[in-house]
Amino acid sequence: MHVVAVLALDGVSAFDLAIPCQVFALVTGPDGSPAYDVRVCVDRDMAATAGPTEPFRVSSAYSWDDVRGADTVIVPGIPVERTPDPRALRLLREAAAEGARIASICTGAFALAHAGLLESRRATTHWRFADALAERFPGTSVDPSVLYVDEGQVLTSAGIAAGLDLCLHMVRRDHGAAVAADAARMLVMPPQRTGGQAQFIEYRAPEADSADLGETLEWMRGKLSEPLSLADISAHAMMSRRSLARHFRAQTGTTPLRWLLAQRVQRARELMETTELPLTRVAEATGFGSVETLRHHFARQVGTTPSAYRAAFRQ
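Model, not experiment: these values are computed from the prediction.

Trainee: How should the overall build of the protein chain be read in this particular structure?
Mentor: Summing up its helical and strand segments, the protein chain has 13 helices and 12 strands in all. Projected onto its principal axes, the C-alpha coordinates of the protein chain cover approximately 70 × 40 × 35 Å. By residue count, 46% of the 315 residues in the protein chain fall in the buried class. Once local pairs closer than 6 in sequence are excluded, the contacts in the protein chain between residues at least 24 apart make up 62%.

Trainee: What is the right way to look at the nonpolar core in this model?
Mentor: Most often, soluble globular proteins keep nonpolar side chains buried together rather than apart. Counting residues in hydrophobic clusters, the biggest one holds 66 residues, and the most contacted among them are L7, V73, L92 and I102. Residue contacts for V73: discarding those within four places in its chain leaves A5, L7, V67, L92, A95, A100, R101, I102 and A103. In terms of nonpolar packing, the next biggest core, distinct from the first, is built from 13 residues, L271, A283, L294 and F298 among them.

Trainee: Please explain the UniProt feature "domain: HTH araC/xylS-type" (unreviewed entry) in the protein chain as it appears in this structure.
Mentor: Within the UniProt annotation, "domain: HTH araC/xylS-type" (unreviewed entry) is assigned to residues 214-312. Taken end to end, residues 214-312 is 74% helix and 0% strand, and its first and last C-alpha atoms sit 34 Å apart.

Trainee: Mind showing me how you'd approach the state of the cysteines here?
Mentor: A complete count under the given rule lists 0 disulfides for this structure. No disulfide involves C106; its nearest neighbouring cysteine sulfur is the one of C167, lying 13 Å away.

Trainee: Where do I start with the pairing of strand 8 (residues 101-104) in this structure?
Mentor: For a regular strand, side-chain orientation follows a simple rule: the groups alternate between the two sheet faces. The two faces of strand 8 match: R101 and A103 on one face and I102 and S104 on the other face are all buried. The pairing of strand 7 (residues 72-75) with strand 8 spans 4 bridges and is classified as parallel. The residue bridging I74 from the neighbouring strand is A103, located in strand 8.

Trainee: Please explain the side chain of T140 as it appears in this structure.
Mentor: The topology assignment puts T140 in the loop between helix 4 (130-136) and strand 10 (141-142). Apart from residues lying up to four places away in sequence, T140 is in contact with L118, E119, R121 and A123.

Trainee: I'm lost on the packing of aromatic side chains in this one. Help?
Mentor: Two descriptors summarise a pair of aromatic rings, namely the distance from one centre to the other and the angle between the planes of the rings. In this structure the tally under the stated criterion is 3 aromatic pairs. When the ring of F248 is compared with that of W259, the centres are 6.1 Å apart and the planes differ by 70 degrees; the resulting orientation is edge-to-face. Separated by 11 residues along the polypeptide, F248 in helix 9 (residues 241-252) and W259 in helix 10 (residues 256-274) bring together distant segments of the chain. For the pair F248 and W259, a shared accessibility class is recorded, and that class is buried.

Trainee: Sorry if this is basic, but what is going on with the sheet that holds strand 7 here?
Mentor: Each strand in a sheet pairs with another by means of backbone hydrogen bonds, the pair being arranged parallel or else antiparallel. Strand order across the open sheet formed by 7 strands is 6-3-1-7-8-12-11, with mixed pairing between neighbours. Edge positions in the open sheet fall to strand 6 (62-63) and strand 11 (148-150), since each of these has one partner strand only. Relative to strand 6, strand 3 (residues 36-42) runs parallel, the two sharing 2 bridges. Bridging across to strand 6, V42 finds its partner in S63. Where helix 1 (residues 14-25) meets the sheet, its contacts fall on strand 1 (2-7), strand 3 and strand 7, and the angle it forms with strand 3 comes to roughly 165 degrees. With respect to the sheet, helix 5 (residues 162-175) is in contact with strand 1, strand 3, strand 7, strand 8, strand 11 and strand 12 (154-157), its orientation differing from that of strand 12 by roughly 145 degrees.

Trainee: I would appreciate a short explanation of the packing of helix 7 (residues 214-221) against helix 10 in the present structure.
Mentor: Helix-helix packing: each pair is described by the crossing angle between the helix axes and the interaxial distance. One can describe the packing of helix 7 onto helix 10 by two numbers: an axis separation of 10 Å at closest approach and a directional angle of 45 degrees. What the angle tells us is that helix 7 and helix 10 run oblique. For the crossing formed where helix 7 meets helix 10, the hand is right-handed. Of the residues in helix 10, those in contact with L217, M220 and R221 of helix 7 are P256, W259, L260 and Q263.

Trainee: Sorry, what's going on with the sheet that holds strand 5 (residues 56-58) here?
Mentor: Judged by pairing direction, the sheet is mixed, and its 3 strands sit side by side in the order 2-4-5 without closing on themselves. In this open sheet, the two strands that pair with only one neighbour each are strand 2 (12-13) and strand 5. Bridging between strand 4 (residues 46-49) and strand 5 involves 3 bridges; their strand directions are antiparallel. When the sheet's bridge partners are listed, M46 is paired in strand 5 with V58.

Trainee: Explain helix 1 here, please?
Mentor: Helical geometry note: an α-helix holds 3.6 residues per turn, so side chains three or four residues apart project in the same direction. The terminal C-alpha atoms of helix 1 lie 17 Å apart, and with 12 residues this matches the ideal 16 Å at 1.5 Å per residue to within 8%. Residues of helix 1 that are buried include every one of A14, D16, L17, I19, P20, V23 and F24, and no others.

Trainee: Would you take a moment to explain the packing of helix 7 against helix 8 (residues 230-237) for this structure?
Mentor: At a closest axis distance of 9 Å, the pairing of helix 7 and helix 8 adopts a crossing angle of 135 degrees. Considered as vectors, helix 7 and helix 8 are oriented oblique to each other. Between helix 7 and helix 8 lies a crossing of right-handed hand. Note on element contacts: helix 8 touches helix 7 through D232, I233, H236 and A237, opposite E215, T216, W219 and M220. For the contact of helix 7 with helix 8, the per-class residue count stands at 4 nonpolar, 2 polar and 2 charged.

Trainee: Any chance you could explain the pattern of salt bridges here in plain terms?
Mentor: Between side chains of opposite charge, pairing is possible as soon as their charged atoms come close. Within this structure, the stated rule accounts for 14 salt bridges. A salt bridge links D65 to R87, with the nearest nitrogen and oxygen atoms 3.8 Å apart. Separated by 22 residues along the polypeptide, D65 in the loop between strand 6 and strand 7 and R87 in helix 2 (residues 86-97) bring together distant segments of the chain. As a salt-bridge pair, D150 and R173 come within 3.0 Å of each other at their nearest N and O atoms. Taken together, the positions of D150 in strand 11 and R173 in helix 5 put the pair 23 residues apart, joining distant regions of the chain. Looking at D150, the relative accessible area reads 29%, which means it is partly exposed. Classification of R173 by relative accessible area gives partly exposed; the value is 39%. Sharing partners across several salt bridges, the network here consists of D43, R44, D65, R68, R87 and E94.

Calculation notes
- Residues numbered from 1 in each chain as written.
- Predicted model: local features only at pLDDT ≥ 70, side-chain atom pairs only at ≥ 80, totals over all residues.
- Heavy atoms only, no water.
- Helix = DSSP H or I, 4+ residues; strand = E, 2+ residues; numbered from the N terminus.
- Buried < 20%, exposed > 50% of the residue type's maximum accessible area, 1.4 Å probe, protein only.
- Contact = heavy atoms within 4.5 Å.
- Core = buried A, V, L, I, M, F, W, Y, C linked by side-chain atoms within 4.5 Å.
- UniProt positions renumbered as here; feature names shortened; annotations may be inferred.
- Disulfide = S-S within 2.5 Å.
- Pairing = 2+ DSSP bridges.
- Phe/Tyr/Trp six-rings, centres within 6.5 Å; stacked < 30°, edge-to-face > 60°.
- Axes fitted to C-alpha atoms, helices over the stretch in contact; angles between N-to-C directions.
- Parallel < 35°, antiparallel > 145°, perpendicular 65-115°, else oblique.
- Left-handed = near helix turned anticlockwise from the far one by under 90°.
- Expected span 1.5 Å × (residues − 1).
- Nonpolar A, V, L, I, M, F, W, Y, C, P; charged D, E, K, R; others polar.
- Salt bridge = Lys/Arg side-chain N within 4 Å of Asp/Glu carboxyl O.

Below, the structure is given as structure tokens:
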């Protein structure tokens, strides 16, 4: 039987910890017998967390040493400010060297990175901590827009509930789409969700823009429904196009027109979350002009269609 070891580190997220236990326990073979042997491996009684509530203790019949020999090792989310126990990191490296499949849920990716398993790999984690992962481990290519990343032996999921998507993906790899679909039905979720983590990322306008471009950025936000050219923006900023491009890059990290496009998409998201405006009106209000143009840019930045986004976030 395929052994799945869930390596619980101190401060483990209770939700993340339960995901692999629930998903893999639902999978059975043709004769109805369990397809996976799931083992929660802890170091004595460990603290688990569930949001702002008081931590509680987790005990198990399996210790960290029982990670050895597992076919799949999964690390649920942990507090990102903590450095994992060196013994746990050593077990992860040993499991990877022995050919085990290594996966993380949410911020469990930080443990994989501390173990050196994400070096020169693409990975993801909760969007809120994606920048921190990229900064601490520059050898890892962090993609905050997706629900999970499959690098073959090493897999990482985005925030929290994306662990469900990753575990179903592993079931699909092991047993095929039909078996994964049966497990998804029992979980009351789609076998594959539309879009990626990008649709859940919260974008906020800077609280205070730099003095140089502050007025121009605010002016651009107020003109999202109108066509704006680089000449228009330069004229308002009273700068040459070359000077404008240099200041924009320094203060926003991108070009004027790319910044404007991102603001248009963000405004479209807000309208679809909070209003019942038809897509034609949303396209007009955000300066895209046509539904086709809105769909194109929305899908590129958010990872899903406007209609699917509205269905997911309808209030």
